[in-house]
Amino acid sequence: MEKKSKINSPCDERCPVRASLSLLSGKWTLMILFQINENAVRYGELKRSVTGISEKMLIQELNMLVENKLVSKKVFPEIPPKVEYRLTELGLKTLPIVDQLAQFGLENLV
C-alpha cells in the first residue's frame, strides 16, 4: 500500500508549528514544564530539579512562562517569601507533548 504524501502549508507567521515553537522552544522551557507537571512547585524545588540552569535563567524562563500564560505564580505573604508555580489550563495542554518527548528520549537516547 502506497502512503500518500501530505502537503504542508508554508511555515509563515500563521503557521501553527511556528506559533507553538515561539512558546515552547526555550532551552529550559520543556524541562521546567516537565518538572512542574500537575503539581504546585516552589522555586527552590525547580532550581534543584532542573540541573544546570542558572538562577538568572530560571527566573527569566519562569517569568516568560507566566507572561505566556503557561504557568501561574502564587506569592504567599510570608517571611521569608514563599512562591509556588503551577501549570495553567494552557500549560497542562503541553503535558502530552512533554510526555511524548520523554518517551522518545527513553526509547531512543537514554
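This structure is a prediction, so every number in the text was calculated from the model and none was measured.

(A) Region of the structure containing unusual backbone geometry. Put simply, isoleucine 79 and proline 80 share a cis peptide bond, and its omega is -5°. Within the secondary structure, proline 80 sits in the loop between β2 (71–76) and β3 (82–87). Unusually for a residue other than glycine, asparagine 37 sits at a positive phi of about 50°. The topology assignment puts asparagine 37 in the loop between α2 (29–36) and β1 (41–42). Judged by its relative accessible area of 22%, asparagine 37 falls in the partly exposed class. Even without being glycine, lysine 69 reaches a positive phi, approximately 65°.

(B) Local environment of the side chain of threonine 94. With respect to the secondary-structure elements, threonine 94 resides in the loop between α5 (89–92) and α6 (95–108). Accessibility expressed as a relative area gives 6% for threonine 94, which makes it buried. For threonine 94, the residues in contact, after removing those within four places along its chain, are Leu24, Leu33 and Leu70.

(C) Layout of the environment of phenylalanine 76. On the secondary structure map, phenylalanine 76 appears in strand β2. Taking the C-alpha atoms as reference, phenylalanine 76 lies 17 Å from leucine 46; in sequence the two are 30 residues apart. Residues contacting phenylalanine 76, with those up to four places away along its chain left out, are Lys82 and Glu84.

(D) Summary view of the packing of aromatic side chains. What the rule picks out here adds up to 0 aromatic pairs. One residue, lysine 82, lies across the ring of phenylalanine 76, its end atom 4.6 Å from the ring centre.

(E) Examining the pairing of β2 more closely. As judged from the 6 bridges shared by β2 and β3, these two strands associate in the antiparallel manner. Paired with lysine 74 across the strands is glutamate 84, a residue of β3. Hairpin connection, β2 to β3: the antiparallel pair is bridged by 5 residues.

Basis of the calculations
Counting of residues starts from 1 at the beginning of each chain's written sequence and follows it residue by residue. Per-residue local features are limited, in this predicted model, to residues with pLDDT of at least 70; the limit for side-chain atom pairs, both in listing and counting, is 80 or more; totals at the level of whole chains, interfaces and linings are taken over all residues. Heavy atoms throughout the structure, all of them, feed into the side-chain values; hydrogens and water do not. The helix count covers DSSP runs of H or I at least four residues long, the strand count covers runs of E at least two residues long, and both are numbered beginning at the N terminus. Here's how the labels work: a residue is buried when its accessible area is under 20% of the maximum for its type, exposed when over 50%, partly exposed in between, all with a 1.4 Å probe on protein chains only. Contacts are assigned to residue pairs that have any heavy atoms within 4.5 Å of one another. Only centres within 6.5 Å qualify two rings of Phe, Tyr or Trp (six-membered ring in Trp) as a pair; their planes then separate them into stacked at under 30 degrees, edge-to-face at over 60, and tilted for everything else. A positively charged side chain is recorded as over a ring if its NZ (Lys) or CZ (Arg) lies within 6 Å of the ring centre. The angle to the ring normal must also be within 35 degrees. By the convention used here, strands pair only if DSSP detects at least 2 bridges between them.

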